[in-house]
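Observations on the model geometry
The residues making up each chain are set out below.
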Amino acid sequence: MSGIFAAPKWLRDLGFSSWLLVGVAAALIGLIWLLSLTETIVMPVITAGIIASVASPLVDWLHRRRIPRAVGAVLVFLLIVAVGAAVGLIIFTGIASQADSLSERLREGASEIESAARSLGVKAHTAAHANAGADSSVSDAFQALTHGLVGGIDKLASLAVFLSFTALSLFFMLKDMPTIGGFVERHLGIPVPLAHSMLGRVAGSLRGYFLGVTIVSVWSSVIVGAGALLLGVPLAGTIAVVTFVGGFVPYLGAWTAGAFAVLIALGAEGPETALALSVVVLLANGVLQQLVQPIAYGAALNLHPLVVLIATIAGGCLFGIVGLVLAATLLSAAVKIAADIRAAEADEPPQGGTAEPSPA
């Protein structure tokens, strides 16, 4: 009688799979909770790991030229610090030197929006209220951007801790990357050759991703910066640098930098110039970027753009900025690792020895 009332096989398989999904979801929730509690040290280590994965081939190249690895790590570390400091100096010096004029231009941009809203039939008090809110938000944003670090000791201390932990972790990862990689490979609980292949795939995906991001960011910054220069928009160089840096934050960064450029154009040159620059930004981050992305990302990630978009958004929702950067990269590495495993299994002879060829 028990066989009559037994659940069908498909239902048992569905229940088993459902419990597996529940376990994975619980582990993911626990991981997110743990990371939120330890983000003070976890975030710098993850950031340093990403940078080290991309920059370690340069240390290896110096080591092959008989430069001690510690010396090579110091040289590469100083190069990374110099590049970061130069980019930050260009951005903040350009913005801070024009802080008052930028605030005034953006107020003028808010007034232009108010006038346009009135011409479209919006009530005067509604447009004025929106203008006042925009004006206040713009002023607060620029005050926070240009003077916030001076007045916000807590934020300055948090930034100093983050940069200190990141720098310390980065140096040791650059110097001891082979040792760290070997330790991880031996303790993953899988055969060392397979672990070595997996870590190599992850590192390769990271390097390819950032190479692609750099190419796309340079492309967008050149187009937007040249458009701003030709249209006579102030701070064209700063706009180009902000666009370049924003390109390293998937999807959100480039459009945020574009909005910044359009607002400056609106306040400085009026709605016609702002509209023209918005078209340039739209082309740079949309149509023209699609000509470069397949070349930049195709060989590195080997994923459909829609898959990259979904993975990036999901990673950002779960893990913030780190998820935005790593989601598509890790997914690409997982796809390549799965393909490697299937290829290895296909090449293995069946258990029990190699089959003898059948007689003719």
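Procedures and definitions
Sequence positions are assigned chain by chain, starting from 1 and proceeding in written order. Selection of residues for local features in this predicted model requires a pLDDT of at least 70, selection of side-chain atom pairs for listing and counting requires 80 or more, and totals for whole chains, interfaces and linings are taken over all residues. The basis for every side-chain value is the complete set of heavy atoms in the structure, and neither hydrogens nor water enter the calculation. Think of pLDDT as the predictor's per-residue confidence, scored from 0 to 100. Any two residues whose heavy atoms approach within 4.5 Å are treated as being in contact. Each helix is a run of DSSP H or I of at least 4 residues and each strand a run of E of at least 2, with the numbering of both proceeding from the N terminus. The span you would expect from a helix comes to 1.5 Å times its residue count less one. A residue's bend is given by the angle between axes fitted to the 7 residues ending at it and the 7 residues starting at it. A simple rule labels every residue: compare its accessible area, found with a 1.4 Å probe on the protein chains alone, to the largest value its type can have, and call it buried under 20%, exposed over 50%, or partly exposed in between. Axis angles are defined between N-to-C directions and span 0 to 180 degrees, where every axis is a line fitted to C-alpha atoms and, for a helix, only to the segment in contact. By the definition adopted for this analysis, an angle is roughly parallel if under 35 degrees, roughly antiparallel if over 145, roughly perpendicular if from 65 to 115, and oblique otherwise. Take the far helix as your reference; a near helix turned counterclockwise from it by less than a right angle gives a left-handed crossing, and one turned clockwise gives a right-handed crossing. Only Asp, Glu, Lys and Arg are considered charged, only Ala, Val, Leu, Ile, Met, Phe, Trp, Tyr, Cys and Pro nonpolar, and every remaining residue, Gly among them, polar. With a 1 Å grid spanning the protein atoms alone, the term cavity applies to any set of points in which a 1.4 Å probe fits but cannot get out, the term pocket to an open set with protein on both sides within 12 Å along at least five of seven lines, and the term lining residue to any residue with an atom within 4 Å of a point. Grid points are joined across faces, edges and corners, and a volume is the space filled by probe spheres set on the points. Patch membership requires over 30% relative accessible area and the absence of a salt bridge. Like charges are linked within 9 Å, and nonpolar side chains (Val, Leu, Ile, Met, Phe, Trp, Tyr) within 5 Å. In these tables, accessible area is a Shrake-Rupley quantity obtained with a 1.4 Å probe, and a residue counts as shielded only by the protein chains included in the view. Any carboxyl oxygen of Asp or Glu that lies within 4 Å of a side-chain nitrogen of Lys or Arg is treated as forming a salt bridge with it. Working definition: a ring pair exists when centres of Phe, Tyr or Trp rings (six-membered ring for Trp) sit within 6.5 Å. Plane angles under 30 degrees give stacked, over 60 give edge-to-face, the rest tilted. Remark: nonpolar core denotes a set of buried residues (Ala, Val, Leu, Ile, Met, Phe, Trp, Tyr, Cys) joined through side-chain atoms within 4.5 Å.

**What to know about the confidence of the model for the protein**
Looking at the protein, the pLDDT average stands at 74 and 71% of residues meet or exceed 70. Low pLDDT (under 50) marks residues 144-151, which in the prediction has 9 contacts with non-local residues, meaning those over four places away or in another chain. Note on residues 350-360: pLDDT under 50 across the span, and 1 contact to partners over four residues away in sequence or across chains.

**Some points on unusual backbone geometry**
Notably, Arg-66 is not glycine yet its phi reads approximately 65°, a positive angle. Structurally, the position occupied by Arg-66 is in the loop between helix 2 (39-64) and helix 3 (69-97).

**Observations concerning helix 2**
Between the first and last C-alpha of helix 2 there are 36 Å, a value that for 26 residues agrees with the 38 Å anticipated at 1.5 Å per step. Maximum bend of helix 2: about 45°, positioned at Ala-55, with proline Pro-57 one to four residues after it. Of the positions making up helix 2, those classed as buried are Val-42, Pro-44, Ala-48, Gly-49, Ile-50, Ala-52, Ser-53, Ala-55, Ser-56, Val-59 and Leu-62.

**Things to note about the packing of helix 2 against helix 7 (residues 192-230)**
The geometry of helix 2 relative to helix 7 is characterised by a closest axis approach of 9 Å and an angle of 90° between their N-to-C directions. The orientation of helix 2 with respect to helix 7, classified from their angle, is roughly perpendicular. Taken together, the residues of helix 7 that come into contact with helix 2 (itself represented by Ile-50, Ser-53, Val-54, Ser-56 and Pro-57) are Leu-206, Arg-207 and Phe-210.

**Considering the packing of helix 7 against helix 8 (residues 236-246)**
Put simply, helix 7 and helix 8 touch, their axes get as near as 8 Å, and they point 160° apart. Taken together, the axes of helix 7 and helix 8 lie roughly antiparallel to each other. Note on packing geometry: the crossing formed by helix 7 with helix 8 is right-handed. Contacts between helix 7 and helix 8 involve Thr-214, Ser-217, Val-218, Ser-220, Ser-221, Val-224, Gly-225, Ala-228 and Leu-229 on the former and, on the latter, Ala-236, Ile-239, Ala-240, Thr-243 and Phe-244. Broken down by class, the residue content of the contact of helix 7 with helix 8 amounts to 8 nonpolar, 6 polar and no charged.

**Notes on the layout of surface pockets**
In this structure, the largest pocket occupies an estimated 1900 Å³ of space. Lining the largest pocket we find 41 residues, and of these Thr-47, Ile-51, Ile-80, Gly-84 and Val-245 sit closest to its centre. Going through the elements one at a time, helix 2, helix 3, helix 6 (153-186), helix 7, helix 8 and helix 12 (321-347) are the ones with two or more residues in the lining of the largest pocket. With 13 residues, helix 3 is the single largest residue contributor to the lining of the largest pocket. Looking at the lining of the largest pocket residue by residue, the classes come out as 33 nonpolar, 7 polar and 1 charged.

**Brief notes about a nonpolar patch on the surface**
On the surface, Leu-28, Leu-31, Leu-318 and Phe-319 cluster together to form a nonpolar patch covering roughly 300 Å² of accessible area. For the nonpolar patch, the secondary structure elements donating two or more residues are helix 1 (9-37) and helix 11 (305-319). Mapped onto the secondary structure, Leu-28 falls in helix 1. By relative accessible area, Leu-28 is classed as partly exposed at 33%.

**Digging into the pattern of salt bridges**
Applying the stated rule across the entire model yields 2 salt bridges. A salt bridge links Arg-69 to Asp-60; its shortest N-O distance comes to 2.7 Å. Residue Lys-175 is joined to Asp-176 by a salt bridge in which the shortest nitrogen-to-oxygen separation is 3.0 Å. Classification of Asp-176 as partly exposed rests on a relative accessible area of 23%.

**Description of helix 8**
A large share of helix 8 lies buried, amounting to 8 of its 11 residues. Of all the residues in helix 8, the buried ones are Ala-236, Thr-238, Ile-239, Ala-240, Val-241, Val-242, Thr-243 and Gly-246.

**Notes on the packing of aromatic side chains**
For the coordinates displayed, the defined rule picks out 2 aromatic pairs. Judged by centre distance (6.3 Å) and plane angle (80°), the ring pair of Phe-77 and Phe-171 falls under edge-to-face. Pair noted here: Phe-77 is in helix 3 and Phe-171 is in helix 6, with a separation of 94 residues, a long-range link. A ring pair is formed by Phe-171 and Phe-172, whose centres lie 5.5 Å apart and whose planes are at 65°; its orientation type is edge-to-face. Overall, the relative accessible area of 22% leaves Phe-171 in the partly exposed class. According to the relative accessible area criterion, Phe-172 is partly exposed, its value standing at 40%. Following the ring pairs from residue to residue traces out a cluster consisting of Phe-77, Phe-171 and Phe-172.

**As for the nonpolar core**
Counting residues in hydrophobic clusters, the biggest one holds 18 residues, and the most contacted among them are Val-224, Ala-228, Val-233, Ile-239, Phe-260, Ala-265 and Leu-277. Excluding its chain neighbours within four sequence positions, the residues that come into contact with Ala-265 are Val-233, Gly-270, Thr-273, Ala-274 and Leu-277.

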